[in-house]
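# Per-entry structural report
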Amino acid sequence: MFSKILIANRGEIAVRIIKTCRRMGIKTVQVYSEADAGSLAVEMADEAVLIGPAPAAQSYLLADKIVEAVRQTGAEAVHPGFGFLSENAGFARRLRDEGIAFIGPNPEAIEAMGDKISSKKLAAEAGVSTVPGHMGLIETTEEAVKIANQIGYPIMIKASAGGGGKGIRVAHSDADMAEGFAAVKAEARNAFGDDRVFLEKFIIDPRHIEIQVLGDKHGNVVHLFERECSIQRRNQKVIEEAPSPLLDAATREAMGAQAVALAKAVNYDSAGTVEFVAGQDRSFFFLEMNTRLQVEHPVTELITGVDLVEQMIRSAWGEKLAFEQKDLAINGWAIESRVYAEDPYRGFLPSIGRLVRYDTAEEGPQPEGYTVRNDSGVREGDEISMFYDPMIAKLCAWGPTRDAAIDGMARALEDTHLQGVGHNVPFLAAVMDQPRFRSGQISTSYIKDEFPDGFHGLAPDRRQTDILIASAAAMNEILTELSGDPSARTDWIVLIGQEAHGVTLSYDDDEALTLDLAGEDRALRLSDIDWRPGLAQFRAELDGEPFTAEVARVADGFVIRHRAAKARVRVLTPAIAALYARLPEKQAADTSKLVQSPMPGLVVAIPVAVGQEVKTGETVAIIEAMKMQNILKAERDGVVKAVGAKAGDPVAADDVLVEFE
């Protein structure tokens, strides 16, 4: 077995690989950029090698630097993780030529599956079900329109070298096709240096289901069942689960057999994923093959008990698979939520900055019967950099059933607290609480369907309203006691926004707080309270059920969030509550003449000057964050009164960039 492996990646996947290597007794070398010098992966690895500045093009994407680090440290193999050089056939071939093991598939398999046009032809030859379409090169818009009419709308226009959600359009008419074909060619040329485009039938209300395969260098290939990845935003996966709530045993077996057939056709010898688009009727068609470890691999590990990173290492060493297809079975259900540094309340714009607080759910089996796994590459105090993917963690929950896994995920999200950057935890929690997700009736348009106007949180349901009332009343009691207030008042009004709830407080023999709700003929019992001033999470049991709420003290009360429900809550005497009802609502500041930065980032350009006349739709600023450029345009005609930043300046969210007269 290898004695030392170099990890050509960063963040959570680097940490994930190190953990398996430690268990196997293999030493690790972590390469890192200047931005990652103090990272968790660098701290955990046995050795670390600086390979360049922060931009990936000057560090993690430089094969020369990786090979040099291998030579310098005496590593025998390279694990590329995912992204960066993981699906670069040239890199895999170079390592092989230099006598360095590549912990991934052979370069010929990467090459065969890396081109979407040739991979679909290979899939069809291997007996894999493929989407009706045109796999040949299409040179002109006129030719694209003609072919689209032969296939029948709607049509998916896709870049052959595409990935990461780039180079994809859906056309519903000849006009859509003419516009979309040119746009995809341009996107593909700019993003991949390859403007080849192909067309395929767009499946209505589709689902994204993928099969995990695993091969060795002796011709053995098995599949480890499926993952459902239909909860996507802009073609990027957000929530994944295994198995899929759509498939029955017969469909699962058919998809698995086709995935194995394709893998064998290209002599696949590592972990890989065959992706399918599926109809609600369980019809399925080949989409592409990812010749690497997938981001969402933990859910497969949780339901099969197989460590995929370990199997990749063993295969690269030359070992035969230690199990056959008949030895594999599905145990329970697992869900993964991708926790991103992005603000769902601001259209999911990326958020950068320092993780001032990072409290995570406790890993391992929980008393309620679910198990938590948290793959993360950051710690409290670390910085989320603008140079890389904004993922903070992959939070996973396993349960014996799908409902149990969903309940476990919802609780794990409650126990996750982040401060310092915008994050999508409230959004992820919202999905867990939605009846449609729980029903399993999902598709790739789920987020667009359920949140057509963006995410603004969810209104509290009855239990969440009870949590808001009880948490605020309990915190008020604790603060009153600490302040030495001798009033011993028991009657309070709890205001949630403008909605008033009268409560009478008392304690039972077990020191649990009882709240009698005025006019409702019921009472709440709050026990096992875990909170003191300064804590950002309030933990307790409400009527015997545990919960965690995120809390913050404000001038006259609290801001409390439970999952996707967030509210300003005040605990007042009846007399003061009556006065609050008469207070006018505070008017929002007029920002109509301001162009503000929607996110923290770096100013690329401000192409306007003081005194310049600007028309509606003209670009007034370009901000870069998380490898993406965001173009800000004028929403009205006007004359520039002031410019608040210049190219190269770092800016925070809501910083004023341009002001109009």
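Summary of the structure given here. Just so it is clear, the model here is predicted, and its values are computed rather than measured.

## Here's the deal with the sheet that holds strand 32 (residues 565-572)
- Taken together, eight strands build a closed barrel; the order of strands is 25-26-27-28-29-30-31-32 and the barrel is antiparallel. Sheet twist, expressed as the average angle between the axes of neighbouring strands with direction ignored, equals 35 degrees.
- With six bridges joining them, strand 29 (residues 537-542) and strand 30 (residues 545-554) adopt antiparallel strand pairing. When the sheet's bridge partners are listed, Phe538 is paired in strand 30 with Ala549.

## A word on the sheet that holds strand 35 (residues 613-614)
- Taken together, four strands build an open sheet; the order of strands is 33-40-38-35 and the sheet is antiparallel. Only two strands of the sheet have a single partner each, and these edge strands are strand 33 (594-596) and strand 35.
- Where strand 35 lies against strand 38 (residues 638-643), two bridges are found, and the strand directions are antiparallel. When the bridges of strand 38 are listed, Val614 appears paired with Gly638.

## A closer look at helix 16 (residues 462-483)
- A rise of 1.5 Å per residue sets the reference length of helix 16, with its 22 residues, at 32 Å; its end C-alpha atoms lie 32 Å apart and thus fit the reference within 8%.
- Counting buried positions over the 22 residues of helix 16 gives 16, a clear majority of the element.
- Where helix 16 ends, the next residue or the one after it, Gly484, has phi of about 80 degrees, a positive value.

## Points about the environment of Lys448
- Mapped onto the elements, Lys448 comes out in helix 15 (residues 446-450).
- Classification of Lys448 as exposed rests on a relative accessible area of 62%.
- In sequence terms Lys448 and Ile231 are 217 residues apart; their C-alpha atoms lie 9.8 Å from each other.

## A short note on the pairing of strand 23 (residues 391-399)
- The element strand 23 is extensively covered by neighbouring structure, given that nine of its nine residues are classed as buried.
- Taken together, the eight bridges between strand 15 (residues 333-340) and strand 23 define a ladder with antiparallel strand orientation. When the bridges of strand 23 are listed, Ala334 appears paired with Trp398.

## Here's the deal with helix 4 (residues 89-97)
- Within helix 4 the residues assigned to the buried category are Ala89, Phe91, Ala92 and Leu95. The buried residues of helix 4 occupy an angular sector of 165 degrees when the element is viewed end-on, so they sit on one face.
- Lining the buried residues of helix 4 we find helix 3 (63-73), strand 4 (77-79), strand 5 (101-102) and helix 5 (107-114).
- For helix 4, the side-chain oxygen to backbone nitrogen distance between the N-cap and Gly90 is 3.0 Å, and the N-cap itself is Asn88.

## Some points on the side chain of Glu414
- If you trace the backbone, Glu414 turns up in helix 12 (residues 402-414).
- Only 2.7 Å separates the side chain of Glu414 from the backbone nitrogen of Thr548, close enough to count as a polar contact.
- There is a polar contact of 2.8 Å between the side chain of Glu414 and the side chain of Arg563.
- In contact with Glu414, not counting residues within four places along its chain, are Gln537, Phe547, Thr548, His562 and Arg563.

## Focus on the state of the cysteines
- On inspection of all chains with the given rule, the structure shows zero disulfides.
- Unpaired in terms of disulfides, Cys21 finds its nearest cysteine sulfur in Cys396, a separation of 19 Å.
- On the accessibility criterion, Cys21 (0% relative accessible area) is buried.
- Here Cys396 is not disulfide-linked; the sulfur of Cys229 is the nearest cysteine sulfur, at 12 Å.

What counts, and at which threshold
- Residues numbered from 1 in each chain as written.
- Predicted model: local features only at pLDDT ≥ 70, side-chain atom pairs only at ≥ 80, totals over all residues.
- Heavy atoms only, no water.
- Pairing = 2+ DSSP bridges.
- Helix = DSSP H or I, 4+ residues; strand = E, 2+ residues; numbered from the N terminus.
- Axes fitted to C-alpha atoms, helices over the stretch in contact; angles between N-to-C directions.
- Expected span 1.5 Å × (residues − 1).
- Buried < 20%, exposed > 50% of the residue type's maximum accessible area, 1.4 Å probe, protein only.
- Arc of directions from axis to C-beta.
- Contact = heavy atoms within 4.5 Å.
- Polar contact = N/O pair within 3.5 Å; in protein donor to acceptor, adjacent residues only side chain to side chain.
- Disulfide = S-S within 2.5 Å.

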